[in-house]
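Chain and residue survey
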Amino acid sequence: MATTACFIIVSRNEIPIYEAEVGSAVKREDAAQLHQFILHAALDIVQDLAWTTSAMFLKAIDRFNDLVVSVYVTAGHTRFMLLHDSRNDDGIKSFFQEVHELYIKILLNPLYLPGSRITSSHFDTKVRALARKYL
């Protein structure tokens, strides 16, 4: 598993709808804010790349010190962003694909309003389990 990993889902309106620290590293006090800042800074790059390629998995689009930002863009322009320090592209792609399936199941829920925050504990548990499995 990656020692540092932060996963975030950003809606098409640039609003974070899900966030999770999924790494196994010791948590620093300011780490969460630093991770959010790095991921937010990468959104502009994602915006430009999303329109130039038909691929959903954009691999490593940005770097900050030893951290890498990988992105998966859905057909509805929802972005799954992962800040990590590992080099496991196949595992990251599998993680994104399985989280995408979970996200589709959330969207199919008639009680979920698209674009609103995902608060399901079941979704959170599944995402963390996938992170342990693939990252």
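Remember, it's a predicted structure, so these values are computed and weren't measured experimentally. (Residues numbered from 1 in each chain as written. Predicted model: local features only at pLDDT ≥ 70, side-chain atom pairs only at ≥ 80, totals over all residues. Heavy atoms only, no water.)

**Focus on the layout of surface pockets**
Volume-wise, the second largest pocket comes out at about 170 Å³. Among the elements that make up the lining of the second largest pocket, the one with the highest residue count is helix 2 (residues 89–107) (4 residues). The residue inventory of the lining of the second largest pocket, partitioned by class, reads 6 nonpolar, 7 polar and 1 charged. (1 Å grid on protein atoms, 1.4 Å probe; cavity = no way out; pocket = protein on both sides within 12 Å on 5 of 7 lines; lining within 4 Å. Points joined across faces, edges and corners; volume = space filled by probe spheres on them. Helix = DSSP H or I, 4+ residues; strand = E, 2+ residues; numbered from the N terminus. Nonpolar A, V, L, I, M, F, W, Y, C, P; charged D, E, K, R; others polar.)

**Considering the pairing of strand 2 (residues 16–21)**
By the bridge criterion, 5 bridges tie strand 1 (residues 5–10) to strand 2 in an arrangement that is antiparallel. Looking at the pairing, Ile9 lines up with Tyr18 of strand 2. Where strand 1 hands over to strand 2, the hairpin turn is made up of 5 residues, of which Glu14 adopts a positive phi near 65°. (Pairing = 2+ DSSP bridges.)

**Thoughts on the nonpolar core**
Judged by nonpolar contacts, the single largest core of 26 residues is most densely connected at Phe7, Phe95, Phe96, Ile118 and Phe123. Broken down by secondary-structure element, the contributors of at least two residues to this core are strand 1, strand 2, strand 5 (79–84), helix 2 and helix 3 (121–134). Ignoring any residue separated from it by four or fewer positions in sequence, one finds Phe123 in contact with Ile9, Tyr18, Val99, Leu102, Tyr103, Ile106 and Ile118. (Core = buried A, V, L, I, M, F, W, Y, C linked by side-chain atoms within 4.5 Å. Buried < 20%, exposed > 50% of the residue type's maximum accessible area, 1.4 Å probe, protein only. Contact = heavy atoms within 4.5 Å.)

**Details of helix 2**
Helix length check: helix 2, at 19 residues, gives a terminal C-alpha distance of 27 Å against a target of 27 Å (1.5 Å per residue), a fit within 8%. Looking only at helix 2, the buried set comprises Gly91, Ile92, Phe95, Phe96, Val99, His100, Leu102, Tyr103 and Ile106. Contact partners of the buried residues in helix 2: strand 1, strand 2, strand 3 (57–64), strand 4 (67–73), strand 5 and helix 3. (Expected span 1.5 Å × (residues − 1).)

**Quick notes on the packing of aromatic side chains**
Scanning the model with the defined rule gives 10 aromatic pairs in all. Aromatic pair Phe7 and Phe95: ring centres 5.2 Å apart, planes at 80°, arrangement edge-to-face. Placement of Phe7 in strand 1 and of Phe95 in helix 2 is noted, with a sequence separation of 88 residues between them. The pair Phe7 / Phe95 is uniform in exposure class, with both members buried. (Phe/Tyr/Trp six-rings, centres within 6.5 Å; stacked < 30°, edge-to-face > 60°.)

**Observations concerning the packing of helix 2 against helix 3**
Two measures define how a pair of helices packs: the angle their axes make with one another and the distance between the axes. Helix 3 packs onto helix 2 with a crossing angle of 165° between their chain directions and a minimal axis gap of 9 Å. Between helix 2 and helix 3, the crossing angle belongs to the class labelled roughly antiparallel. When you trace helix 2 past helix 3, the crossing you get is right-handed. Listed contacts from helix 3 to Gly91, Ser94, Phe95, Glu98, Val99, Leu102, Tyr103 and Ile106 of helix 2 are Phe123, Lys126, Val127, Leu130, Ala131, Lys133 and Tyr134. (Axes fitted to C-alpha atoms, helices over the stretch in contact; angles between N-to-C directions. Parallel < 35°, antiparallel > 145°, perpendicular 65-115°, else oblique. Left-handed = near helix turned anticlockwise from the far one by under 90°.)

**Regarding the pattern of salt bridges**
Using the criterion set out here, one finds 3 salt bridges in the structure. For Arg117, the salt bridge goes to Glu19, with nearest N and O atoms at 3.6 Å. Of this pair, Arg117 sits in the loop between helix 2 and helix 3 while Glu19 sits in strand 2, placing them 98 residues apart in sequence. We classify Arg117 as partly exposed; its relative accessible area is 45%. (Salt bridge = Lys/Arg side-chain N within 4 Å of Asp/Glu carboxyl O.)

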